[in-house]
2 protein chains.
Amino acid sequence: MQTDDNARHAEKMAKIKAARDRMMAEKQGEKGLVIVHTGKGKGKSSSGFGMILRCIAHGMPCAVVQFIKGAWDTGERRLLTAHFAGLCQFHAMGEGFTWETQDKARDIAAARAGWEKAKELIRDPQIRMVLLDEINIALRYDYLDLDEVLDFLRSEKPPMTHVVLTGRNAKPELVALADLVTEMEQVKHPFRDGIKAQPGVEF
Amino acid sequence: MQTDDNARHAEKMAKIKAARDRMMAEKQGEKGLVIVHTGKGKGKSSSGFGMILRCIAHGMPCAVVQFIKGAWDTGERRLLTAHFAGLCQFHAMGEGFTWETQDKARDIAAARAGWEKAKELIRDPQIRMVLLDEINIALRYDYLDLDEVLDFLRSEKPPMTHVVLTGRNAKPELVALADLVTEMEQVKHPFRDGIKAQPGVEF
């Protein structure tokens, strides 16, 4: 019985492996991707940082521009600047969330400064991945010109550079242009039960 | 005009800020969370690693048990073991994806060894977060007993310890028990266009 079960399992897994090997053999292309993380759930920024840290682990130069959370002393910022400043540039351009500043002109100026820095980093062919953290918020409020951002990604991004754009409410035109899009959907959140943001989890 | 627009903006943002401050003031609780990342999209593991790196940045001892990808030389593993071994333990228990091994008995043994290690780490009150990477796969194939895992999380997890469980097809009973659940939904994936897995992005 045990032997039969094992034999059936091995046969089934061998079939899955063969199908997968065929599928992977067809995938030989490499290109710099436009990657979007959106949705209301957790994990958009932390997964972006996870990719940045993978780049660092592979010795690939990379960069982060924080569009919104810049005023926060986040764990990611501390970690990147303390340990990996040689491989990863970190630029915090935002002034905190917009409902904290209550100054539209200042928010717009911060978003535009962030975008200028982002263009410079993306144009640099040495840099293999640029994370534009929470840029979707700046696009949603029209602090940045969507067409300008799309045109730049289409025409000026070096072919092998990955650009990761995070934040809720990604514009449909950006989703259309992107190669890899994930929607983080909130199924359950402990804020509803009176639990506050905690270190390690939210920041 | 410009002044009016700014005044309207400031008023609107002040209202949002007041509502948000009220909401946050009600959230005073802290507790160790059971966190689940599931769904077919990217970002489940990388966001888990993002949280582990936040813990490291805050000086919080933490640990990772990889249930499935153990045989891969992933960037995360390299980074954690090279830089942060003092704060973060890393245990790779899996033998690679199941369709690679084609040996059910070995897969089950690896999953159980992973779970024994996981229990030991979660019981240690010094450790503030334990990431059980891809454990949902082991649960889905019944390599681990779901009731045993749920009972342990309910009765033996120290109250302030966060446990993060990742992988597609999270069991509904686990979702019911969890405090924070995110479903990573795949909107678009470049594998469909013949692009292979690339360093920094997938591993």
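Residues numbered from 1 in each chain as written. Chains lettered and ligands numbered in written order. Predicted model: local features only at pLDDT ≥ 70, side-chain atom pairs only at ≥ 80, totals over all residues. Heavy atoms only, no water.

**Structural notes on the interface of chain A and chain B**
A common way to express how large an interface is: the accessible area buried when the components associate.
Thinking step 1. Every contact between the two is made by 77 residues of chain A and, on the other side, 77 residues of chain B.
Thinking step 2. Across the chain A/chain B interface, buried area totals approximately 7,100 Å², and carbon plus sulfur atoms make up 59% of it.
Thinking step 3. Our enumeration of links across chain A and chain B arrives at zero salt bridges.
Thinking step 4. For the side of chain A that touches chain B, the secondary structure elements donating two or more residues are helix 1 (2-26), helix 2 (44-57), helix 3 (75-83), helix 4 (98-101), helix 5 (104-123), helix 8 (172-177) and strand 6 (180-188) of chain A.
Thinking step 5. Top element by residues in the side of chain A that touches chain B is helix 1 of chain A. It accounts for 11 residues.
Thinking step 6. Two strands pair when backbone bridges link them, and strand 6 of chain A and strand 6 (residues 180-188) of chain B are joined in this way by seven bridges, in the antiparallel orientation. Its bridge partner lying in strand 6 of chain B, A:Glu185 is registered against B:Glu183. (Contact = heavy atoms within 4.5 Å. Buried area = accessible area lost by both parts, 1.4 Å probe. Salt bridge = Lys/Arg side-chain N within 4 Å of Asp/Glu carboxyl O. Helix = DSSP H or I, 4+ residues; strand = E, 2+ residues; numbered from the N terminus. Pairing = 2+ DSSP bridges.)

**Structural notes on the nonpolar core**
Thinking step 1. Membership of the largest hydrophobic core comes to 46 residues, with the highest contact counts inside it found for A:Ile52, A:Ile56, A:Leu80, B:Ile52, B:Ile56 and B:Leu80.
Thinking step 2. When sequence neighbours within four positions are dropped, the list of residues in contact with B:Leu80 reads B:Phe49, B:Ile52, B:Leu53, B:Ile56, B:Val64, B:Ala85, B:Cys88 and B:Phe90. (Core = buried A, V, L, I, M, F, W, Y, C linked by side-chain atoms within 4.5 Å. Buried < 20%, exposed > 50% of the residue type's maximum accessible area, 1.4 Å probe, protein only.)

**Quick notes on the relation of the copies chain A and chain B**
Two chain copies, one operation linking them: a rotation about an axis together with a shift along it.
Thinking step 1. Once chain A is rotated about the relating axis by 180° and shifted along it by 0.0 Å, it coincides with chain B to within an RMSD of 0.0 Å. Such a combination of turn and shift is consistent with a two-fold rotation axis. Judged by C-alpha distance, A:Ser47 is the residue of chain A that lies nearest the rotation axis, at 1.9 Å.
Thinking step 2. Same-surface contact between copies: 100% of interface residues of chain A are shared with the interface of chain B. (Least-squares fit on C-alpha atoms with pLDDT ≥ 70 in both.)

**Remarks on helix 2 (residues 44-57) of chain B**
Residue and element names in this part refer to chain B.
Thinking step 1. For helix 2, with 14 residues, the first-to-last C-alpha span of 20 Å sits near the 20 Å given by 1.5 Å per residue.
Thinking step 2. Burial analysis of helix 2 places 14 of its 14 residues in the buried class, the great majority of the element.
Thinking step 3. With its phi angle positive at about 75°, Gly-59 sits one or two positions after the end of helix 2. (Expected span 1.5 Å × (residues − 1).)

**Section: the packing of aromatic side chains**
Thinking step 1. Taken as a whole, this structure holds five aromatic pairs over all chains when the rule is applied.
Thinking step 2. When the centroid spacing of 6.1 Å and the interplanar angle of 90° are considered together, the rings of A:Phe84 and B:Phe84 count as edge-to-face. Residue A:Phe84 is located in the loop between helix 3 and strand 3 (88-92), and its partner B:Phe84 is located in the loop between helix 3 (75-83) and strand 3 (88-92); the two belong to separate chains.
Thinking step 3. Taking the centre distance of 5.4 Å and the plane angle of 80° together, the rings of A:Trp115 and A:Phe152 count as edge-to-face. (Phe/Tyr/Trp six-rings, centres within 6.5 Å; stacked < 30°, edge-to-face > 60°.)

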